[in-house]
Amino acid sequence: MRNKLFWFVPGLFVLLLSVFLVANGQKQSQVNHLKNDVKTLQEKEKAVDTQNTTFKNQSTDSYSWAKAKANNFAMTYYTWTNQDSYQARQKTLSSMLQLSSDNEKKIFDSGLDDTGGKKIDNLGLKSKVIESATYVANTNGSQVELFTVVKTQVDADGRDSAPAYHLVHLWADKNSKKFSTVLINQLKV
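Just so it is clear, the structure is predicted and the values come from calculations on it, not from any experiment. Chains are numbered independently. Their residues run from 1 in the order of the written sequence. Local features are withheld for residues below a pLDDT of 70 in this predicted model, meaning they are given only at 70 or higher, and side-chain atom pairs are given and counted only at 80 or more; totals for whole chains, interfaces and linings count all residues. Side-chain calculation: all heavy atoms of the structure are included, whereas hydrogens and water are not.

Hey, could you go over the pairing of strand S2 (residues 143-155) for me, with residue numbers and the actual values?
Residues in a regular strand project their side chains so that they alternate between the two faces of the sheet. In terms of strand pairing, strand S1 (residues 126-138) meets S2 through eleven bridges, oriented antiparallel. Looking across to S2, one finds that Ala133 is bridged to Val149. Strands were regarded as paired on the criterion that DSSP finds at least two bridges between them. Under the scheme used here, helices are H or I runs from DSSP no shorter than 4 residues and strands are E runs no shorter than 2 residues, and both carry numbers assigned from the N terminus. Linkage of S1 to S2, two consecutive antiparallel strands, is achieved through a turn of four residues, within which Gly141 is found at a positive phi near 60°. One ladder, built from eleven bridges, connects S2 with strand S3 (residues 163-173); its direction is antiparallel. Along S3, the bridge assignment pairs Lys151 with Tyr165.

This is the structure in structure tokens:
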């Protein structure tokens, strides 16, 4: 019995030691794996921080001129009191536009009906901007892409009016600081 006990205690010790070494090896492997994960996360975090700093600098400070021009465009485009001021918008805005003739025809109309009558004056239409907000969407290449959301109030003689919402999608050329494309959509609320 003493002989068995003599071999049993060292055997048990060797077994416990080998279990401990295997468990320690697994823990060390997990620690190494975690270290690699932390290093990868730190590299990604640094890249994201760099990208965010670049985006912040480009989209806020550097393009305030584009946001101001887009707001000015919306205020002028959606503010008119009669047929003459409606038609004058194109001339007033021409200094900030370099649109294709197709694009220009799509956003500016004469305000005349099918018979050549002045529908703005005939209906007594007036429009004013209640509020607008402009957002920089993209700054790639030589263009700055912007969205302006505009809330307007159009009044007509003898009719109740309701606010209307419009989305103006603009692309400004970074060099000329003029709008090269303008798309206008009325939003359904």
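Quick rundown of unusual backbone geometry? Include the residues and the values.
Negative phi values dominate among residues other than glycine, just as trans dominates among peptide bonds. Phi at Lys177 takes a positive value of approximately 60°, unusual for a residue other than glycine. Position of Lys177 among the secondary structure elements: in the loop between S3 and strand S4 (179-187). For Lys177, a relative accessible area of 34% puts it in the partly exposed group. Throughout this description, buried means an accessible area under 20% of the type-specific maximum (1.4 Å probe, protein chains only), exposed means over 50%, and partly exposed covers the range between.

Before we move on, could you go through the sheet that holds S4 and cite the residues and values that matter?
Read across the open sheet, the four strands follow the order S1-S2-S3-S4; overall the sheet is antiparallel. Strand pairing shows two members of the sheet lacking a second neighbour, S1 and S4, which therefore form its edges. Recorded for the sheet is a direction-independent mean angle of 20° between the axes of neighbouring strands. Where S3 meets S4, eight bridges bridge the pair, whose relative direction is antiparallel. Looking across to S4, one finds that Leu170 is bridged to Val182. Lines fitted to C-alpha atoms define the axes, with helix axes restricted to the stretch in contact, and inter-axis angles between N-to-C directions lie between 0 and 180 degrees.

Tell me about the nonpolar core, and please be specific about residues and values.
Nonpolar cores were defined as sets of buried Ala, Val, Leu, Ile, Met, Phe, Trp, Tyr and Cys residues, with membership established by side-chain atoms within 4.5 Å. Phe73, Leu97, Val144, Leu146, Leu170, Phe179 and Val182 are the most contacted members of the largest nonpolar core, which totals 24 residues. Counting only elements with at least two residues in this core, the list comes to helix H2 (64-77), S1, S2, S3 and S4. Among the elements that make up this core, the one with the highest residue count is H2 (six residues). In contact with Leu170, not counting residues within four places along its chain, are Ala70, Phe73, Val144, Glu145, Leu146, Thr148, Phe179, Thr181 and Val182. A contact between two residues is defined here by any heavy atoms of the two lying within 4.5 Å.

By themselves, these observations are geometric and do not establish any function.
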